Structure formats: structure tokens, C-alpha cells
Amino acid sequence: MEKIRQTLRDSAAARWTALAVVAFTMLCGYYLTDVVAPLKGLLEGKLGWGSSDFGFFNSAYGWFNVFLGMLIVGGIILDKMGVRFTGLMATIIMVCGTIIKFWAISTHSLDGQVWKVLWFEAPAQVFIAGLGFAIFAVGVEVAGITVSKIIYKWFKGKELALAMGLEMATARLGTGLAIATAVPIAKAFGVVDVSRPILLALILLCIGLLSFVMYMFMDKKLDASEVQKTQAEMDEDAFKISDIFKIITNKGWWYIAILCVLFYSAVFPFLKYATDLMINKFGVSEELAGTIPSMLPFGTILLTPFFGNLYDRKGKGATIMIIGSLLIIAVHALFSVPFLHHWIMAIILILVLGVGFSLVPSAMWPSVPKIIPEKQLGTAYALIFWVQNWGLMGVPALIGWVLEKYCITGQVVRDGLTVNTYNYTLPMLIFTGFGVLALIFAFLLKIEDKKKGYGLQLPNIVK
Ligand SMILES: C[C@H](NC(=O)[C@@H](N)CCCCN)C(=O)O
């Protein structure tokens, strides 16, 4: 009988270590992504950033990814050059972008300057900090698709959804830590300094870069342990530009991409404003306001791998996505009800949102390889992230604009700084709308799966 060849993937210790190493790099990336969000009030009081400046800055996340198509370029590079080269480039880009962002927020040399670029007018500091964030975002997004491909490489036919869930859980720890620690760090030592949390994020990212370099050695070893492909097989497997056409003509892929942009638009942009919502609607003090939204990512840390494991073993991926979408609709709708303003309600809603935010990603990302072949996977993930980035870019800007135009209710002095107060009913209704649309696409995906037999309702583990 032919002996089944063992590769490094077959060593549980090796594949879980590889996962831990790359997940740590993502934790560092997510920390920086979300560290400025809780500082909205301090940025307004200390640096004079209005809500639309804040929204504009946050929208920078998608400037290059969306308009310059950097994510698509990153996906093609990933499929052509492999995970080691692409991941290293991506982490270096994250560090470079963060250096620019840190400089912009810590310097006084831009004080008093207002720039107008295209239709946008904002303080020069907002533009340069946005530029740094936009560069960083190219890095973190390309790192994200690279890590998805890395996980597939190590875990296909094994605990794929659990591994993806654990990676997301680790990354969300970065988001949770950012939301919980940003204000205390900015206010530490009795002097308010909004650049301090960004400096910490920069240090973390440098450690994340080292961590990825360590992964590169593991990846080399994995490749060496696998059966070497013949030239004909490599030519057959090589990514071709025409593969993009194959991806974008696949209806199932579109349903996932649209569900992704709608669902994530109701979560990540919400998190950018959640601290401010706690202060304005639920009357939580500025020091504690980040604690409640930070329960969302912390809650997902256990649940995302839990639901991933469930999907691996029992299947029902499409149903999981439908339930998750239903939960976010309920949460945002209740957040928009004006008379529900007790902080305990806020905690309950955030925890339920955490369940919804664990369900959808735990089933959505491991479902992509069921629809798209492995050689196109990097590009397929990149294109989904690209569609999603329209939302991550547009929705924070939209909410910032809506707040400033329709929701200002007055002004208060907090810690000696005069800031606006806001009514969050309208923004929360907008987030509810995204949830409703996400639900429709989750149903369409389930119908398409039934038609095409992708196996989204089947377990991932091959016995
Ligand atoms: C895996 C997935 N990642 C993304 O959706 C990224 N495109 C966005 C990361 C934004 C970080 N605040 C996820 O985190 O669920």
C-alpha cells in the first residue's frame, strides 16, 4: 500500500504555531487601525478636528485601496509572488504609513494650515495623518489577504474555519485593546497627548514585522516539505489575469462580496463612533466610554473560533451568515430608539452585536475557498476586500457628515475643552439599513449555494 506522504502541515504544532505568529502581526495591524477612533473627543478639543474632519480622516483607510486599486494589485502580487514576499512588503508598508501618521499628529509645523484638495477642505494635519493612514491601510489589507491565504495553505481539509476564527479573534484583541487603552494612554502622566497611543502602535507594528519575518522561515520549511510540482503543473496553476474575469463573473462570489461590504459597513464604521455614542446617548464618562464598545471585539475573541469550529464540524455556513445579519439589524435598530439610553442596555446590545459579528465572519471567509479555486484565492479575497473597502471608506465619512449636518444638539465643556453634543438616532438608523441589505444578500447566497452545490452548508473537515 502506498504510504501517505507527511508534510509540515500534518504537524499540528507546526500549523498552530504558524497561525499564532501571523495572527500576532494582524493584532498589531488592527491595534493601529482602531487606536484613533476613541480619541474623537480629544481630537476635537485638542487639535480642533470637527466630526467631518474625523470622518474624512477615517475614510482615508480606503483612499489608495479603493481608488488606486492597491488591494487588487496586492492580490495579484500575492497570487504571482507568493505569501512571503507579499506579506513582508505589506508589513513594511504598515510601518511606513504609521510613521507618517504619527508625525502628522505629533508635529506643530502644520498648525493653522487649511488645505483644499479636490472638493475636500480640511486642516493640513488631517490630510497628512490621512495620507499615513491610507498608506498603512494598503499594508494592513494586503497583509489580511496574505494571512487568509497562509491559513488556507496550512489548514485546507483540516480545521480551516477554526483557524480563520482564531486569527480574527487575535486581530480583534488588537481592536479591543486599542479601544480600551487609547484614551487612558493619551491622558497618562497628567498631560493629554493624542499622539502617544499612535507611538505605542508604531512600536507594536515593528514587533509585528519581526514576527512576520519569523513566519517566512516556517513557510520556506513548509514548501520544502511538500511534493515539488512539475513545470507543467506549475504552468497550469499559475495565476493569469483572465482569472479575474472568472472571479467577477461568479454570482456566488458577488453575493459574498456584497454581503461583506454591507455587513462590515454596519460594524467597523460603527465602532469608530461607538465611544462617542456612549458619551452622547448613554451618558458614560469619557474615561469609561471606550470600555463598552471594547466588549464587542473582546466578546468575538471566544465566539468567532467557536462558530468557526461549529462550521468545520457541522456545516450550515449560509445559515450562520443569515442569523448573524439578523442580530446586527436588531442591535442597531434598538440603539436608534431614543428612550433606550441606560448604559446597561448599551452593554447588552454591544454583547449581542459581538455574537452577530462572530457569526458572519466565522462562516463567510472560510466559504470563499468553496466557491473559488486555490490559485485564484489571493485575488478573490483581494477583490472582496476591495468591495468592502468602499464601505470602510465611505461609511465613516457619511456618518461624520450626517452627524455634523443633522445631529448637533448643543455644546458642552469636557475637561476644559468645548465640544459638540450629538443625537445618534439617524446614524443608527443608517447602520440598521446596512444590516437589512446584508440579510437580503445572505439569503441570496444561500439560494445560490443550493443551485450550484458549493457546499456552504457542509462541514469543512474532510474525514
Ligand atoms: C478578516 C476580516 N478582515 C477584514 O475584513 C479587513 N478587510 C478589514 C480590517 C479592518 C480592521 N479594523 C475581519 O477582520 O473580519
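Above this text you will find the structure in question.
Residues numbered from 1 in each chain as written. Predicted model: local features only at pLDDT ≥ 70, side-chain atom pairs only at ≥ 80, totals over all residues. Heavy atoms only, no water.

### Some points on the overall build of the chain
Within the chain one finds 19 helices and four strands. Against the compact-globule benchmark of 23 Å for 463 residues, the chain has a radius of gyration of 22 Å, which places it among compact chains. For the chain, the C-alpha atoms occupy an extent of roughly 80 × 45 × 40 Å along the three principal directions. Evaluated residue by residue, the chain yields a buried proportion of 58% over its 463 residues. Taking as baseline every contact in the chain between residues at least 6 positions apart, the subset at least 24 positions apart corresponds to 83%. Of the accessible surface of the chain, which amounts to about 18,600 Å², a share of 71% is contributed by carbon and sulfur atoms. The distance from the centre of the 37 positive side-chain charges to the centre of the 29 negative ones in the chain is 6 Å. (Helix = DSSP H or I, 4+ residues; strand = E, 2+ residues; numbered from the N terminus. Rg over C-alpha atoms; globule rule 2.2 N^0.38 Å. Buried < 20%, exposed > 50% of the residue type's maximum accessible area, 1.4 Å probe, protein only. Contact = heavy atoms within 4.5 Å. Areas by Shrake-Rupley, 256 points an atom, 1.4 Å probe, with all protein chains shown as cover. Lys, Arg positive; Asp, Glu negative; His and termini not counted. Charge placed at Lys NZ, Arg CZ, Asp CG, Glu CD.)

### Things to note about the site of the ligand
Near the ligand, the surroundings consist of 13 residues, among which Tyr-30, Glu-141, Arg-172, Tyr-264 and Gln-388 are the closest. Note that a nitrogen atom of the ligand is positioned 3.4 Å from one of the side-chain N or O atoms of Asp-34. Considering the ligand on its own, with 410 Å² of exposed area, one finds that the protein chains cover 96% of that surface. Mapped onto the shell around the ligand, the elements with two or more residues apiece are helix H1 (12–34), helix H8 (160–186) and helix H18 (377–406). In the shell around the ligand, the residues fall into eight nonpolar, two polar and three charged. (Near = heavy atom within 4 Å. Polar contact = N/O pair within 3.5 Å; in protein donor to acceptor, adjacent residues only side chain to side chain. Nonpolar A, V, L, I, M, F, W, Y, C, P; charged D, E, K, R; others polar.)

### Quick word on H18
When the terminal C-alpha atoms of H18 are compared, their 43 Å separation across 30 residues agrees well with the 44 Å that a helix rising 1.5 Å per residue should span. The axis of H18 is deflected most strongly, by about 25°, at Gln-388. Buried residues dominate H18, accounting for 21 of its 30 residues. (Expected span 1.5 Å × (residues − 1). Bend = angle between axes of the 7 residues up to and from the residue.)

### Some points on the environment of Thr-170
Following the sequence through the fold, Thr-170 ends up in helix H8. The exposure class of Thr-170 is partly exposed, given its relative accessible area of 25%. Residues Thr-170 and Tyr-30, spaced 140 residues apart in sequence, show a C-alpha to C-alpha distance of 9.4 Å. Those residues in contact with Thr-170, other than ones at most four positions away along the chain, are Ala-23, Phe-24 and Leu-27.

### Here's the deal with the nonpolar core
Core analysis: the largest hydrophobic core is formed by 154 residues, its most contacted members being Tyr-215, Met-278, Phe-335 and Trp-365. Among the elements that make up this core, the one with the highest residue count is helix H7 (residues 124–155) (20 residues). If sequence neighbours within four positions are ignored, Tyr-215 has contacts with Ala-18, Val-21, Val-22, Val-83, Ile-150 and Trp-154. (Core = buried A, V, L, I, M, F, W, Y, C linked by side-chain atoms within 4.5 Å.)

### Remarks on helix H3 (residues 51–59)
Across the nine residues that make up H3, a large majority, eight, are buried. Residues of H3 that are buried: Ser-51, Asp-53, Phe-54, Gly-55, Phe-56, Phe-57, Asn-58 and Ser-59.

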